[in-house]
Amino acid sequence: MKKPWAGRFKEKTSRTVESFTESISFDRRLWRYDIMGSIAHAKMLGKQGIIPGSDSEKIVRGLEEIAKEIEAGKFKFRDDLEDIHMNIEAALIKNIGPVGGKLHTARSRNDQVALDLRLLLRTEAKEIISLIKRFQKTILSVAEKNLDVVMPGYTHLQRAQPVLLSHHLLSYIEMLQRDRERLEDALKRINILPLGSCALAGTTLPIDRAYVAKLLGFKGISENSIDAVSDRDFAIEFLSDASTLMMHLSRLAEELVLWSTEEFSFIELPDAFTTGSSIMPQKKNPDVAELVRGKTGRVYGNLVSLLTIMKGLPLSYNRDMQEDKKPVFDTVDTLKACLAVFDEMFSGIRFKKQRMRETAGEAYSTATDIAEYLVRKGLPFREAHEVTGRIVLHCIENRKRLEALSIEELKKFSYLIGEDIYSNIEAEESVKARRSRGGTAPSEVRKQIKRLRSVIR
Ligand code: ARG
């Protein structure tokens, strides 16, 4: 097929070059946005009298027909027409005649592709935000149902202090909330109209960019035509926010993997969300969680890809930028899939409360409570720490749990210790006493739940 830019050339493009430079195999995904943008552009051309109103109407109708064709799977995408923009334009001209050639007035593929990508990201970011919200709600209801479960909290993957399972789960809701806010914020910069920048310098024709922005629902208009066709920072920002979100999901994934081991035995994952082994009949593997963790690597890679693609480019548009699409599309798909599968899996997780509770009280996890008990009796914290450390060492050497020590034994370490120490050693009591703001006490966790319920809407 004849290229829209064939005029200046004497030779045909080599087939090798056509297949090397084409992007239609992946940018066809932009079709809906490309047509949406073209319709708005055609309406503006008509309104401004740059093309006759009747031509504008013909073009709009022609574009709507093409949309139907693509929707129905009847459109033939051609790689000799390079990309989605030229495929749709060529089909328009074929369908409605030479008047279709008026669509590309006061426009370039450079501002067109920037527009399409912004429109796609606007839609997808909103979708991802609502998937995050749904997942937050699921975690929240699991946290509410398990408010009574005490588990070991960890630092360095060593048992540290008893906490509420709900408290632990709510921490992920906080992370996801920031992920959402970051995406909302990125939307402010995504939601800017680049169309009307043309190739790089604007146009001599009397276009009305504000009108196009209004038709397409953009909150702002790019103020520098060179910037608008040159930069992909809005996509990089999306990829960066996506990477942070995946990092959070990956840490959750890692905990689900650990917790479902025989060694931890904190949870049982639902059968429907685990897989078996082709050789070991007894196996039940946490592949979903592992894949979320693994896909995080790919999403990071996508961010680094685009940063690297952009880093050495002189202004303004360069064809290198065509490579922006795959990382963006792949990230969108990966995020949506990970959020959806985790959301479904989460409500089916069975928490082994008994095991969590037992392990919460082991490993001298309430030693800090003894130290704070001594502080309340007037001992400086450093001394209290030292005294408690000696108590723990005594327990280790005599193979005893803290609560098994008699009051006489305890008093040898400090005369400040009285009978009331025992309630401080108990895991439930330890949790209940951590009432500082944002602490793990049930009273505080209930406040968190209440707050989050109104935040996650
Ligand atoms: N397919 C191209 C891309 O994705 C569209 C812009 C092409 N512009 C050009 N001057 N060759 O970036």
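In this report, we go over the structure that sits alongside the text. All figures in this text were calculated on a predicted structure; none of them were measured in a lab.

**Section: the site of the ligand**
- Inspection of the region around the ligand gives Ser23, Asp83, His85, Arg109, Asn110, Val113, Tyr317, Arg319, Gln322 and Lys325 as its neighbouring residues.
- In the model, a nitrogen atom of the ligand is placed 3.4 Å from a nitrogen or oxygen of the Ser23 side chain.
- A distance of 3.0 Å separates a nitrogen atom of the ligand from a polar atom in the side chain of Asp83.
- Contact with the protein chains covers 87% of the free accessible surface of the ligand, which is 350 Å².
- Taken together, the residues of the shell around the ligand break down into two nonpolar, four polar and four charged.

**So, helix H4 (residues 53–71)**
- In this model H4 runs 27 Å from its N-terminal to its C-terminal C-alpha over 19 residues, within 8% of the 27 Å that 1.5 Å per residue would give.
- Listing the buried residues of H4 in full gives Asp55, Ser56, Ile59, Val60, Gly62, Leu63, Ile66, Ala67 and Ile70. Looking straight down H4, one finds its buried side chains confined to an arc of 165°; they lie on one side. Counted as exposed and oriented over 90 degrees from the buried face of H4: Lys68 and Glu71.
- Packed against the buried residues of H4 are helix H3 (31–47) and helix H5 (84–96).

**Things to note about the packing of H3 against H5**
- Look at H3 against H5: their axes get within 10 Å of each other, and the N-to-C directions meet at 60°. With respect to their mutual orientation, H3 and H5 come out oblique. Crossing of H3 against H5: the hand is right-handed. Residues Trp31, Asp34 and Ile35 of H3 pack against Ile84, His85 and Ile88 of H5.
- When the residues that make up the contact of H3 with H5 are grouped by side-chain class, the tally is four nonpolar, one polar and one charged.

**Digging into the pairing of strand E1 (residues 150–155)**
- Sheet analysis places E1 next to strand E2 (residues 158–164), joined by six bridges and oriented antiparallel. What sits directly across from Met151, in E2, is Val163.
- Taking the residues between adjacent antiparallel strands as the criterion, E1 and E2 are bridged by two residues, where His156 takes a positive phi near 55°.

**A few points about the packing of aromatic side chains**
- By the definition in use, this model includes seven aromatic pairs.
- Chaining the aromatic ring pairs together yields one cluster made of Tyr154, Trp259, Phe264 and Phe266.
- The positively charged end of Lys47 is found above the aromatic ring belonging to Tyr211, 4.9 Å away from the centroid.

**Considerations on the pattern of salt bridges**
- For the structure on display, the rule yields 38 salt bridges.
- Its salt-bridge partner being Glu18, residue Lys3 comes within 2.5 Å of it at the nearest N-O pair. Of this pair, Lys3 sits in the segment before helix H1 (15–21) while Glu18 sits in helix H1; the two residues are 15 residues apart in sequence, bridging distant segments of the chain. For the pair shown, Lys3 and Glu18 are each scored as buried.
- Taking the shortest distance from any N to any O, the salt bridge between Arg32 and Glu71 comes out at 3.2 Å. Here Arg32 is found in helix H3, whereas its partner Glu71 is found in helix H4, with 39 residues between them in sequence.
- Under the relative-accessibility criterion, Arg32 is labelled partly exposed at 41%.
- Taken together, the shared-partner salt bridges in this structure form one network comprising Lys3, Arg15, Glu18 and Asp79.

**Structural notes on the nonpolar core**
- Core analysis: the largest hydrophobic core is formed by 111 residues, its most contacted members being Leu249 and Phe342.
- Here Phe342 is in contact with Phe135, Leu249, Leu252, Ala253, Leu256, Val288, Ala289 and Val292, once residues within four sequence places are set aside.
- Core analysis: the next-biggest nonpolar cluster, separate from the first, contains 20 residues, Ile370, Leu374, Ile391 and Leu410 among them.

**Things to note about a nonpolar patch on the surface**
- On the surface, a nonpolar cluster with roughly 280 Å² of combined accessible area is contributed by Leu200, Ile226 and Leu315.
- As for its placement among the helices and strands, Ile226 is situated in helix H9 (residues 225–230).

**Some remarks on unusual backbone geometry**
- Geometrically, the link from Leu315 to Ser316 is a cis peptide bond, its omega value of 5° lying close to zero.
- If you trace the backbone, Ser316 turns up in the loop between helix H11 (287–311) and helix H12 (325–346).
- Positive phi is not limited to glycine here, since Cys198 has a value of about 60°.
- The residue Cys198 is located in the loop between strand E3 (192–193) and helix H8 (209–216) in this model.
- The class for Cys198 is buried, based on a relative accessible area of 5%.

Each value, and the rule that gives it
- Residues numbered from 1 in each chain as written.
- Predicted model: local features only at pLDDT ≥ 70, side-chain atom pairs only at ≥ 80, totals over all residues.
- Heavy atoms only, no water.
- Near = heavy atom within 4 Å.
- Polar contact = N/O pair within 3.5 Å; in protein donor to acceptor, adjacent residues only side chain to side chain.
- Areas by Shrake-Rupley, 256 points an atom, 1.4 Å probe, with all protein chains shown as cover.
- Nonpolar A, V, L, I, M, F, W, Y, C, P; charged D, E, K, R; others polar.
- Helix = DSSP H or I, 4+ residues; strand = E, 2+ residues; numbered from the N terminus.
- Expected span 1.5 Å × (residues − 1).
- Buried < 20%, exposed > 50% of the residue type's maximum accessible area, 1.4 Å probe, protein only.
- Arc of directions from axis to C-beta.
- Contact = heavy atoms within 4.5 Å.
- Axes fitted to C-alpha atoms, helices over the stretch in contact; angles between N-to-C directions.
- Parallel < 35°, antiparallel > 145°, perpendicular 65-115°, else oblique.
- Left-handed = near helix turned anticlockwise from the far one by under 90°.
- Pairing = 2+ DSSP bridges.
- Phe/Tyr/Trp six-rings, centres within 6.5 Å; stacked < 30°, edge-to-face > 60°.
- Lys NZ or Arg CZ within 6 Å of the ring centre and 35° of its normal.
- Salt bridge = Lys/Arg side-chain N within 4 Å of Asp/Glu carboxyl O.
- Core = buried A, V, L, I, M, F, W, Y, C linked by side-chain atoms within 4.5 Å.
- Patch = residues over 30% accessible without salt bridge, like charges linked within 9 Å, V, L, I, M, F, W, Y side chains within 5 Å.

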